[in-house]
Amino acid sequence: ELVTCGPSATPRSGAAQGDADIIHNGAVAFTGDKIVGVGPTEEIMHRFRGEDTDLIDATGKTVTPGLVDAHTHLIWAGWRDEEYEMRLKGATYLEIMQAGGGIMSTVTATRLAAEDELKRLAKVRLERMLAHGTTTVEIKSGYGLSVEDELKSLRAIRSLNEELQEAGSGPRIAATFLGAHAIPAEYKGKENDYIDLICNEMLPQVAAESLAEWCDAFCDIRAFDAEQTRRILSTAKSLGLGTRLHANEFARVGAVQVAAEMGCSSADHLLVLEPEDIEALMVAGTIAVLLPGTPLGLGLGSYAPARALIEAGVPVALATDCNPGTCPSENLVLMISLACSQMKMTPAEAIVAATINSAYSLNRGEILGSLEVGKLADIVLWDAPNHRHLAYHFGVNLAEMVFVGGRRLQI
């Protein structure tokens, strides 16, 4: 099967979310870094096969676009496995955070790490993602929470992206500033002073150095409220950054309404939703980025209402939320499987979510996320007889070959 996920003039929503445009016995041709032909194998072979053509036999296999992970926190130092055990014994995420653990534990370790060390650690995580078929990754800062350490984190992301693209040896990276991930300990009781720091110092420096193309914020209980979030995102937009938002992970504090009002490209998590929230996302055209690995890691037993979102016409994307606290997983195919088994998405809907819809959430839908003529040749060959096996045959890595920009990378 050739799973094209095209044509793709817009993100797929509603009934179209489940149309992955699969060509049985199909083929894709590319030259350089661009796709030049997609269609039935016989037709593509007739048009493109020649003495200088390399042929890869994918008989009995499945070929898809490269996966796009639209929400990760790969820049961090230090693990939090002890908190995982605490949660198993009954402590909640918010209780651990109040006791000085959670995000603050990672902030301490990340502040102590040098830029080169953060880059090295993120590179290892990216290599694991690539090995599981992910060819584009969004990476957030957010574990520095000071001017110096947020800039250090973003510079590490930029340096890593430049190195990988120059060598042609890794996934593409989209950088996001997440200084509004939590209130650092030194600003406890002075929350508005920290927001001043974000808006008056952090964001202007991020924009001046072109360190990120997106700004995100964690709008939730014991994080940032709606008005604080609105100010942060408004400042980011005035400086030319796109906006996305952590919304409704634990409680409804107006995050979805802020995302809709601000025209955010995505609202992510969305574990706690009411019909009016879903309606707001649909009207705004905001993409719902769902992160099923996080409720799995937290042991919540409940997931985002993917079916209600799809049926309401909200485009749904999938991402890992790879982070040290709640979802230390680099495997986006696992999220496809969880989306099916826990959120009742079909395999085709989940693949669309992890490719073209995720690409659109990162403003890259016109150049990647589907197998279409003129798009970048980011392609994965899977050891699977059809697309359903990506969800059905879980717990193993089925990726056999990964191409980024037409170049086959070592996995």
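Residues numbered from 1 in each chain as written. Predicted model: local features only at pLDDT ≥ 70, side-chain atom pairs only at ≥ 80, totals over all residues. Heavy atoms only, no water.

Caption draft 1: Expanded view of the packing of helix 7 (residues 191–208) against helix 8 (residues 226–238). Between helix 7 and helix 8, the shortest axis-to-axis distance is 10 Å and the interhelical angle comes to 10°. The orientation of helix 7 relative to helix 8 falls into the category roughly parallel. Each of E191, N192, I195, D196, I198, C199, N200 and L203 in helix 7 lies in contact with helix 8, whose residues at this interface are Q228, R231, I232, T235 and A236. When its residues are assigned to classes, the contact of helix 7 with helix 8 shows 6 nonpolar, 4 polar and 3 charged. (Axes fitted to C-alpha atoms, helices over the stretch in contact; angles between N-to-C directions. Helix = DSSP H or I, 4+ residues; strand = E, 2+ residues; numbered from the N terminus. Parallel < 35°, antiparallel > 145°, perpendicular 65-115°, else oblique. Contact = heavy atoms within 4.5 Å. Nonpolar A, V, L, I, M, F, W, Y, C, P; charged D, E, K, R; others polar.)

Caption draft 2: Expanded view of the side chain of R80. Tracing the chain through its elements places R80 in the loop between strand 6 (67–69) and helix 2 (81–88). A polar contact is formed between the side chain of R80 and the side chain of T106, at a distance of 2.8 Å. Setting aside anything within four residues of it in sequence, one finds R80 in contact with Y93, G102, I103, S105, T106, Y143, P324 and G325. (Polar contact = N/O pair within 3.5 Å; in protein donor to acceptor, adjacent residues only side chain to side chain.)

Caption draft 3: Seen up close, the pattern of salt bridges. As enumerated under the stated definition, the model contains 26 salt bridges in all. Ionic pairing is found between D378 and R172, a salt bridge with its closest N-O pair at 2.8 Å. Taken together, the residues span a long stretch of sequence, with D378 in the loop between helix 15 (356–361) and strand 14 (379–382) and R172 in strand 8 (residues 172–180) at a distance of 206 residues. Each member of the pair, D378 as well as R172, carries the same accessibility label: buried. When the shortest N-O distance is used, the salt bridge between R230 and E227 registers 2.8 Å. Taken together, the residues span about one helical turn, with R230 and E227 both in helix 8 at a distance of 3 residues. Residue classification places E227 among the exposed residues on the basis of a relative accessible area of 52%. By sharing partners, the salt bridges in this structure join R111, D149, K152 and E186 into a single network. (Salt bridge = Lys/Arg side-chain N within 4 Å of Asp/Glu carboxyl O. Buried < 20%, exposed > 50% of the residue type's maximum accessible area, 1.4 Å probe, protein only.)

Caption draft 4: Structural detail: the state of the cysteines. Enumeration according to the criterion identifies 0 disulfides in this entry. No disulfide involves C215; its sulfur sits 8.3 Å from the nearest other cysteine sulfur, which is in C199. The cysteine C327 is free of any disulfide, with C322 supplying the nearest cysteine sulfur at 6.7 Å. Judged by its relative accessible area of 4%, C327 is buried. (Disulfide = S-S within 2.5 Å.)

Caption draft 5: Looking closely at the environment of A99. Among the secondary structure elements, A99 is positioned in the loop between helix 3 (93–98) and helix 4 (103–112). The exposure class of A99 is exposed, given its relative accessible area of 68%. A C-alpha to C-alpha distance of 35 Å links A99 and T286, two positions 187 residues apart in sequence.

Caption draft 6: The arrangement of the pairing of strand 4 (residues 34–40) in detail. For strand 3 (residues 26–31) and strand 4, the ladder comprises 6 bridges, and the chain directions are antiparallel. For T31, the partnering residue across the bridge sits in strand 4 and is K34. Between strand 3 and strand 4, which pair antiparallel and follow one another directly, the connecting turn spans 2 residues, one of which, G32, has a positive phi of 60°. (Pairing = 2+ DSSP bridges.)

Caption draft 7: Representation of unusual backbone geometry in the model. Geometrically, the link from G6 to P7 is a cis peptide bond, its omega value of -5° lying close to zero. Relative to the assigned elements, P7 resides in the loop between strand 1 (2–3) and strand 2 (22–23). Of note in this structure, N25 is not a glycine but carries a positive phi near 55°. In this structure, N25 sits in the loop between strand 2 and strand 3.

Caption draft 8: Local environment of the layout of surface pockets. One number sums up the size of the largest pocket: a volume of about 890 Å³. Lining the largest pocket we find 30 residues, and of these A27, V28, D54, L55 and I56 sit closest to its centre. Those elements giving two or more residues to the lining of the largest pocket turn out to be strand 3, helix 1 (41–48) and strand 14. Here the element with the most residues in the lining of the largest pocket is strand 3; it accounts for 6 residues. Split by residue class, the lining of the largest pocket holds 17 nonpolar, 7 polar and 6 charged. (1 Å grid on protein atoms, 1.4 Å probe; cavity = no way out; pocket = protein on both sides within 12 Å on 5 of 7 lines; lining within 4 Å. Points joined across faces, edges and corners; volume = space filled by probe spheres on them.)

Caption draft 9: Seen up close, the side chain of T243. Of note, T243 is situated in strand 10 (residues 242–247). When sequence neighbours within four positions are dropped, the list of residues in contact with T243 reads W214, C215, L233, K237, M262, G263, C264, S265 and S266.

Caption draft 10: Local environment of the sheet that holds strand 12 (residues 287–290). Taken together, the 8 strands give an open sheet; going across it, the order is 6-7-8-9-10-11-12-13, and neighbouring strands pair in parallel fashion. Where the open sheet ends on each side, the last strands, each with one partner, are strand 6 and strand 13 (316–318). Going across the sheet, the axis of each strand differs from the next one's by a mean of 25°, ignoring polarity. Sheet topology note: the strand 7 (residues 134–140)/strand 8 ladder contains 5 bridges and is parallel. Looking across to strand 8, one finds that T136 is bridged to R172. Relative to the sheet, helix 5 (residues 115–131) contacts strand 6, strand 7 and strand 8, its axis offset from that of strand 7 by approximately 145°.

Caption draft 11: Structural view of empty space enclosed by the protein. Tallied over the full model, the rule gives 3 cavities of 30 Å³ or more. Each pocket or cavity is described by its volume, and for the largest cavity that value is around 120 Å³. Y93, I103, H181, N323 and T326 are, among the 15 residues lining the largest cavity, the residues nearest its centre. Looking at the lining of the largest cavity residue by residue, the class counts come to 5 nonpolar, 7 polar and 3 charged. Taken as a whole, the second largest cavity spans an internal volume of roughly 50 Å³.

Spatial relationships are all this shows, so hold off on functional conclusions.
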